[in-house]
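Architecture and fold: a report
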Amino acid sequence: MQQTMTFDDTSRSLSQTLRDLISGIRGKTVSLRDLMDQVGEQGLLLICAVASLPFLIPVSIPGVSTVFGAAIILVSIAICLNRMPWLPARILDRRLDSAKLVPALEKGAHLVGRVDRFFKPRLAALTAGGAIGRINALAITFGGVLLMFPLGLIPFSNTLPGIAILLLSTGMMQRDGLVVLGGYLFLAITTVYFGALTFMAIAAGKGLAGTFA
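Let me sum up the structure you'll find in this document. (Residues numbered from 1 in each chain as written. Predicted model: local features only at pLDDT ≥ 70, side-chain atom pairs only at ≥ 80, totals over all residues. Heavy atoms only, no water.)

1. Overview of the side chain of S31
With respect to the helices and strands, S31 occurs in strand β1 (residues 29-31). The residues touching S31, leaving out its near neighbours within four places in the chain, are L92, D93, R94 and R95. (Helix = DSSP H or I, 4+ residues; strand = E, 2+ residues; numbered from the N terminus. Contact = heavy atoms within 4.5 Å.)

Right, dumping it as structure tokens:
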């Protein structure tokens, strides 16, 4: 049977928690299971935040958007249902190259560290209560779906939803409604951006069809 859970306010800054996570990565490869074991006490929201960090820089790491996007979706659904998450073994145990992942996490930790001091409890209506928590968790799920779109070679296609997921999960952890609001803004920007890409792809397809008609 799945276990219910509650989230406690974090006492450490997110950047310090991430540095502790990075220092714990050993060997040439690391799995999502390893990462979850290290940050389990910080809660599932931190897992979503950590999983979004590799996408804050414009470098595509093969396989990461699929693995981490799926993990974000499943974990955020678990948050919405207030249950411990179930993740398939092939996602939990897939080996990721530490030499590529660690620099991405370090860059993310550096970026987060520059804004860490700005996090504080505010706009409680966007973070307090079970109902808004479930809505925010569903927003993270939507961000994970956008992250998994096969658009890795298109600029910002991973970065925009990655930022949205990071802001939503971090804002929920730190009870900062303004940061959560920023996450919704980036979700909206991502949706518009993907919509524009889809429209251009359809228009280009019709143009090619007309050329060869």
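2. Focus on unusual backbone geometry
If a residue is not glycine, its phi is most likely negative; likewise, a peptide bond is most likely trans. At L123, a position not held by glycine, the phi torsion is positive, near 45 degrees. Structurally, L123 can be placed in the loop between α6 (98-115) and α7 (130-147). Look at L123 and you get partly exposed, because its relative accessible area is 44%. Unlike most non-glycine residues, R175 shows phi in positive territory, near 55 degrees. (Buried < 20%, exposed > 50% of the residue type's maximum accessible area, 1.4 Å probe, protein only.)

3. Side note on the pattern of salt bridges
In the structure shown here, the tally under the stated rule is 1 salt bridge. One salt bridge in this structure joins D176 and R122, with 2.8 Å as the shortest N-O distance. Remark: R122 occurs in the loop between α6 and α7 and D176 occurs in the loop between α8 (159-173) and α9 (177-212); sequence separation between them is 54 residues. (Salt bridge = Lys/Arg side-chain N within 4 Å of Asp/Glu carboxyl O.)

4. Overview of the packing of aromatic side chains
Scanning the model with the defined rule gives 2 aromatic pairs in all. Summarising the aromatic geometry, the rings of Y193 and F194 are spaced 6.3 Å apart at their centres and angled 45 degrees between planes, so their arrangement reads as tilted. Linked through ring pairs, F149, Y193 and F194 together constitute an aromatic cluster. (Phe/Tyr/Trp six-rings, centres within 6.5 Å; stacked < 30°, edge-to-face > 60°.)

5. What to know about α8
When the terminal C-alpha atoms of α8 are compared, their 21 Å separation across 15 residues agrees well with the 21 Å that a helix rising 1.5 Å per residue should span. α8 sits mainly inside the fold: 13 of its 15 residues count as buried. Positive backbone phi, at 55 degrees, marks R175, one or two positions downstream of α8. (Expected span 1.5 Å × (residues − 1).)

6. With respect to the packing of helix α3 (residues 44-52) against α8
When two helices pack together, their arrangement is given by the angle between their axes and by how far apart the axes lie. Contact geometry of α3 with α8 gives a least axis separation of 8 Å together with a crossing angle of 155 degrees. Of the possible angle classes, the one that applies to α3 and α8 is roughly antiparallel. Where α3 crosses over α8, the two elements pack in a sense that is left-handed. Contacts between α3 and α8 pair L45, L46, C48, A49 and S52 from the former with G162, I165, L166, S169, T170, M172 and M173 from the latter. Looking at the contact of α3 with α8 residue by residue, the class counts come to 8 nonpolar, 4 polar and no charged. (Axes fitted to C-alpha atoms, helices over the stretch in contact; angles between N-to-C directions. Parallel < 35°, antiparallel > 145°, perpendicular 65-115°, else oblique. Left-handed = near helix turned anticlockwise from the far one by under 90°. Nonpolar A, V, L, I, M, F, W, Y, C, P; charged D, E, K, R; others polar.)

Note that all results are geometric; they support no functional claim without further evidence.
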